[in-house]
Amino acid sequence: PEFNLYEEYWKIYTNSANIPPQYIAENAVVDKCIIANGTEIYGEVHSSVLGGSVTVGKGSVVRDSIIMQGVTIGENCVIGQNTNIKDCTIGNGTDIRSSFLTESTVGERTHIGPFAYLRPGSRIGNDCKVGDFVEIKNSSFGDGTKASHLTYVGDSDVGGGVNIGCGVVFVNYDGSEKHRSRVEDDAFIGCNTNLVSPVHIGEKAYIAAGATVTKDVPAGALCVAREKQRHIEGWVEKRGLLDKKKK
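Remember, predicted model here, so these are calculated numbers, not experimental data. (Residues numbered from 1 in each chain as written. Predicted model: local features only at pLDDT ≥ 70, side-chain atom pairs only at ≥ 80, totals over all residues. Heavy atoms only, no water.)

**Regarding the pattern of salt bridges**
Then, in step 1: Counted according to the given criterion, the structure contains eight salt bridges.
Then, in step 2: Notably, a salt bridge pairs Asp95 with Arg97, separated by 3.0 Å at the nearest N-O pair.
Then, in step 3: By relative accessible area, which is 16% here, Asp95 ends up buried.
Then, in step 4: Ionic pairing is found between Asp157 and Arg180, a salt bridge with its closest N-O pair at 2.9 Å. Of this pair, Asp157 sits in strand S19 (residues 156-158) while Arg180 sits in the loop between strand S21 (169-171) and strand S22 (181-183), and the two are 23 residues apart along the sequence.
Then, in step 5: A cluster of three or more residues bridged by salt bridges with shared partners is formed by Glu108, Arg109 and Asp127. (Salt bridge = Lys/Arg side-chain N within 4 Å of Asp/Glu carboxyl O. Buried < 20%, exposed > 50% of the residue type's maximum accessible area, 1.4 Å probe, protein only. Helix = DSSP H or I, 4+ residues; strand = E, 2+ residues; numbered from the N terminus.)

Pasting the structure below:
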């Protein structure tokens, strides 16, 4: 049956589900779902909605304030509060917290969030990390790759074991067309790096922090692409910029 999110008291719909009642909050909404025994579903008033062909594996925990539609969740996963997942497949043992995922796949034992955004076409491998304020669009991560915070990865293929530092941007759009980059296994991308697509970063290449990369980087090479630091002695005093003026 149809469910109304604004009903004063929510009901539980279990048309095609086998859900032990003790594991479901009374005010969660469950419609056309297959929930394995041992799964725990929590909810508060007007919070959790599972509908449209959702499958949740054994031993998984679904917290409150969740929306899931067209989703397959593996075993022993944790779907944390304030998460929205649509048309995704999530592997066993994965932890997703306060994040938005759509039309993507996530492997096993991977950590997503808080506040991550997986846009359509994202493919995240096993044992990965997609941390806070990381956005991924139409891109892939190999096993063990980590982007812990404040990063945009668009239209790119990232190998396994890659470290993507804070503030990295894959610059995929030139104002007219989208371009694709490739980062090979075990590369290191330092903080505040711009990868101006299309570029190819070789295996175990090391991109120094603050680089703007516009050319391919060979395997095992160090890339430094930033202005050389220099000092102008006496400049502050001469300009008087930090002198405190009396009111």
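The discussion continues.
**A word on the side chain of Asp95**
Then, in step 1: Locating Asp95 in the fold gives a position in strand S10 (residues 95-96).
Then, in step 2: Of the polar contacts made by the side chain of Asp95, one reaches the side chain of Arg97; its length is 3.0 Å. (Polar contact = N/O pair within 3.5 Å; in protein donor to acceptor, adjacent residues only side chain to side chain.)

**With respect to the pairing of strand S5 (residues 66-69)**
Then, in step 1: Residues Ile66 and Met68 point to one face of S5 and are all buried, whereas Ile67 and Gln69, pointing to the other face, are not buried.
Then, in step 2: Examined bridge by bridge, S5 and strand S8 (residues 83-86) share four bridges and lie parallel to one another. By the bridge assignment, Ile66 is partnered in S8 with Thr83. (Pairing = 2+ DSSP bridges.)

**Examining the nonpolar core**
Then, in step 1: In this structure, Met68, Phe141 and Ile201 are the most contacted members of the largest nonpolar core, which totals 43 residues.
Then, in step 2: Those elements that provide at least two residues to this core are strand S3 (49-56), S5, strand S16 (129-137) and strand S18 (146-154).
Then, in step 3: The element contributing the most residues to this core is S16, with three residues.
Then, in step 4: Once you skip the residues sitting within four places of it in the chain, Phe141 turns out to touch Arg123, Ile124, Gly125, Cys128, Lys129, Val130, Ile136, Ala147, Val153, Val158, Gly159 and Ile164. (Core = buried A, V, L, I, M, F, W, Y, C linked by side-chain atoms within 4.5 Å. Contact = heavy atoms within 4.5 Å.)

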